[in-house]
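Listed below, chain by chain, are the residues.
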Amino acid sequence: GAVLTGSGAKLHGMAEVAKSTLRLPVSVSGVPDLATPLGEVAQDPSFSTAIGAMLWGFEAEKGSDANWSGGGAFGKDFAKKISSPIKRIFKSFIP
């Protein structure tokens, strides 16, 4: 199935259009199971990208991300490392 996130996912009829276009089950979701006093904000799909970036940065600061060089900069080969997998994902949608 597909999970729609972001503000656009909340547009009226977006899930139905995605279901018919993708021919997959579709759900709209925010960030599940995030321990925070702002639970309703975390569950809102509008904030999923911001929360994901924040969590990624937090993990990187802890040293668990090998692509992170610290100091607010990406590793030298970050773009090269992610471009090939992203291209494969988009090519998989081409009939």
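Note that the coordinates shown come from a computational prediction; the quantities given were computed from them, not determined experimentally.

*Asks:* An account of the overall build of the chain is requested, with residue identities and associated values reported.
*Replies:* The number of helices and strands found in the chain is four helices and two strands. The buried share among the 95 residues of the chain stands at 20%. The long-range fraction of contacts in the chain, counting pairs at least 24 apart against all pairs at least 6 apart in sequence, stands at 29%. Surface summary for the chain: the accessible area is close to 7200 Å², and the carbon and sulfur share equals 63%.

*Asks:* Report on a nonpolar patch on the surface, specifying residues and quantitative values.
*Replies:* Nonpolar side chains collect at one region of the surface, where L22, L24, I86, I89, F90 and F93 lie side by side and expose about 600 Å² of accessible area between them. Among the elements that take part in the nonpolar patch, helix α4 (residues 78–92) stands out by supplying three residues, more than any other. Along the polypeptide, F93 turns up in the segment after α4. By relative accessible area, F93 is classed as exposed at 60%.

*Asks:* Can you explain the side chain of D44? Please cite residues and give values.
*Replies:* Position of D44 relative to the elements: it lies in the loop between α2 (39–43) and α3 (48–61). Note on D44: relative accessible area 18%, which makes it buried. Of note is the side chain of D44, whose polar atom sits 3.3 Å from the side chain of K10. Within the local environment of D44, its side chain forms a polar contact with the backbone nitrogen of S46, the two atoms lying 2.9 Å apart. With sequence-adjacent residues up to four places away left out, D44 is seen in contact with K10 and G30.

*Asks:* A description of the nonpolar core should follow, citing residues and the corresponding values.
*Replies:* The biggest cluster of nonpolar side chains holds six residues, and these are A2, L4, A9, A15, A18 and V26. With near-sequence residues (within four places) excluded, A2 lies in contact with L22, P25, V26 and S27.

*Asks:* Let's hear about the side chain of S48: which residues, and what values?
*Replies:* Topologically, S48 is positioned in helix α3. At 3.4 Å, the side chain of S48 and the side chain of T5 are in polar contact. Among the polar contacts listed, one links the side chain of S48 to the backbone oxygen of P45, at a separation of 3.0 Å.

*Asks:* I'd love a proper account of unusual backbone geometry, names of residues and values included.
*Replies:* One non-glycine residue, R23, lies in positive phi territory at about 55°. Within the secondary structure layout, R23 lies in the loop between α1 (14–22) and β2 (26–28).

Calculation notes
- Residues numbered from 1 in each chain as written.
- Predicted model: local features only at pLDDT ≥ 70, side-chain atom pairs only at ≥ 80, totals over all residues.
- Heavy atoms only, no water.
- Helix = DSSP H or I, 4+ residues; strand = E, 2+ residues; numbered from the N terminus.
- Buried < 20%, exposed > 50% of the residue type's maximum accessible area, 1.4 Å probe, protein only.
- Contact = heavy atoms within 4.5 Å.
- Areas by Shrake-Rupley, 256 points an atom, 1.4 Å probe, with all protein chains shown as cover.
- Patch = residues over 30% accessible without salt bridge, like charges linked within 9 Å, V, L, I, M, F, W, Y side chains within 5 Å.
- Salt bridge = Lys/Arg side-chain N within 4 Å of Asp/Glu carboxyl O.
- Polar contact = N/O pair within 3.5 Å; in protein donor to acceptor, adjacent residues only side chain to side chain.
- Core = buried A, V, L, I, M, F, W, Y, C linked by side-chain atoms within 4.5 Å.

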